[in-house]
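So the chains spell out like this:
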Amino acid sequence: MNEPLVHRHWAALGAPRVAPAIGTSTVLILGRIWNANGAEHSAGNAVLMVALAAGAATAGAFAAAGQGGGDGVLAGTAFATSGALALAGVAGYADGWSLPILLWAVATAVAYGIAARYWRTDRRTTLAHHRQTEVRREDHAHVERVEALRAGAQIEAARTGAAYAEQLATALITRATLPGYDPAALTRAGLPELPAIDITKEHG
C-alpha cells in the first residue's frame, strides 16, 4: 500500500503559530490608526464599540448554550470578535499606548491559550491517523507476504507434479522397450496393469 507523501512548506507549518499574534497586532494597529483619525475621547465611538463588543459576546454566549452542547466553533468566533472589538475600541479611545499595549498582551496570551487547546487536539488526531496508517500498511504487507508464499507453494507443487509425470512417462517408455517385456505376465502375477504404449508411436 503506497500512500502519497505530502511535504508542507515551512510557511504553512509556521503560519498557525503566529496567527494569534498577527491578529491581535492588526487590531491594535487599526485601533491606533482610528485614534489618530479622530476617535480619541469620542464618546459616540466608544459607545459604538462597547455595543458591538457586547453584542458579539452575547451571540457567543447563546451559541455556547445552544441545544446539543452548542456550536463551539461559532461561540469561539463570536467571543474572539468581541475581544477584538473591545481591544480596537480601547486602542481607538485611549490617548496613550500603555492601556492598549496591556490589553494587546492580555488578548494575545488568551488567544494563544485557546489556540494551544486546538493544537493539542489536532496533534492527537494526526498521531492517531499516522498509527492507523501504519497498522493498515502492516496488514497489507502481511497479506501480500502470505499471498506470495501461497503462490510460490502452488508453483512449486505444479513444477513437482510436472516433473513426476515426465519421469513416469519416461519409465513407462523405457520399460516397454526392454526385451522380454510381457504385460500379461504382470497381470497374472497380480500386479496392477499399466496402459499399453505403442512403441511405434513413441519412436516414430
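Remember, it's a predicted structure, so these values are computed and weren't measured experimentally.

Draft legend 1. Fine view of the overall build of the protein chain. Summing up its helical and strand segments, the protein chain has six helices and zero strands in all. Along its sequence from the N terminus, the protein chain presents helices and strands in the succession α-α-α-α-α-α. A buried classification covers 14% of the 204 residues belonging to the protein chain. Sequence-distant contacts, at least 24 apart, represent 68% of the contacts inside the protein chain between residues at least 6 apart.

Draft legend 2. A look at the packing of aromatic side chains. Summed over the entire model, instances satisfying the criterion amount to one aromatic pair. Between Tyr 112 and Trp 119 the ring centres are 6.2 Å apart and the planes differ by 65°, which places this aromatic pair in the edge-to-face class. With relative accessibility at 27%, the residue Tyr 112 sits in the partly exposed group.

Draft legend 3. Quick look at the side chain of Ser 82. One can find Ser 82 in helix H3 (residues 72–93). Here Ser 82 falls in the buried class, since its relative accessible area comes to 11%. Among the polar contacts made by the side chain of Ser 82, one reaches the main-chain carbonyl oxygen of Ala 53 at a distance of 2.7 Å. Aside from chain neighbours lying at most four places away, what touches Ser 82 is Ala 53, Ala 56 and Ala 57.

Draft legend 4. Geometry of helix H2 (residues 43–64). Here H2 contains 22 residues, and its C-alpha end-to-end distance of 31 Å stays within 8% of the 32 Å for a straight helix at 1.5 Å per residue. Buried within H2 are the following residues: Met 49, Ala 53, Ala 56, Gly 60 and Ala 63. For H2, the buried positions fall inside an angular range of 85° around the axis, keeping them on one side. In this structure, H2 carries Ala 43, Gly 44, Val 47, Val 50 and Phe 62 as exposed residues pointing more than 90 degrees from its buried face.

Draft legend 5. The arrangement of the confidence of the model for the protein chain in detail. Within the protein chain, residue pLDDT values average 77, and 76% of them lie at 70 or more. In the model of the protein chain, helix H6 (residues 199–202) stands out as the element of lowest mean pLDDT, 48, in contrast to helix H4 (residues 98–176), which has the highest, 86. This model gives residues 1–6 a pLDDT under 50, and the stretch forms seven contacts once residues within four places in sequence are excluded.

Draft legend 6. The arrangement of a positive patch on the surface in detail. Taken together, Arg 17, Arg 117, Arg 120, Arg 123 and Arg 124 make up a surface patch of like positive charges. Sorting elements by how many residues they give to the positive patch places H4 first, with four residues. As for its position among the elements, Arg 124 is in helix H4.

Draft legend 7. Representation of the pattern of salt bridges. In total, this model carries three salt bridges according to the counting rule given. The salt bridge partner of Arg 150 is Glu 147, with a shortest N-O separation of 3.4 Å. Pair noted here: Arg 150 and Glu 147 are both in helix H4, with a separation of three residues, about one helical turn. Note on Glu 147: relative accessible area 41%, which makes it partly exposed.

Draft legend 8. Expanded view of a nonpolar patch on the surface. A cluster of nonpolar side chains, contributed by Leu 99, Leu 102, Val 106, Val 110, Ile 114 and Tyr 118, occupies part of the molecular surface with about 570 Å² of accessible area. Tracing the backbone shows Val 110 in helix H4.

Rules and cut-offs
- Residues numbered from 1 in each chain as written.
- Predicted model: local features only at pLDDT ≥ 70, side-chain atom pairs only at ≥ 80, totals over all residues.
- Heavy atoms only, no water.
- Helix = DSSP H or I, 4+ residues; strand = E, 2+ residues; numbered from the N terminus.
- Buried < 20%, exposed > 50% of the residue type's maximum accessible area, 1.4 Å probe, protein only.
- Contact = heavy atoms within 4.5 Å.
- Phe/Tyr/Trp six-rings, centres within 6.5 Å; stacked < 30°, edge-to-face > 60°.
- Polar contact = N/O pair within 3.5 Å; in protein donor to acceptor, adjacent residues only side chain to side chain.
- Expected span 1.5 Å × (residues − 1).
- Arc of directions from axis to C-beta.
- pLDDT = per-residue confidence, 0-100.
- Patch = residues over 30% accessible without salt bridge, like charges linked within 9 Å, V, L, I, M, F, W, Y side chains within 5 Å.
- Areas by Shrake-Rupley, 256 points an atom, 1.4 Å probe, with all protein chains shown as cover.
- Salt bridge = Lys/Arg side-chain N within 4 Å of Asp/Glu carboxyl O.
- Lys, Arg positive; Asp, Glu negative; His and termini not counted.
- Charge placed at Lys NZ, Arg CZ, Asp CG, Glu CD.

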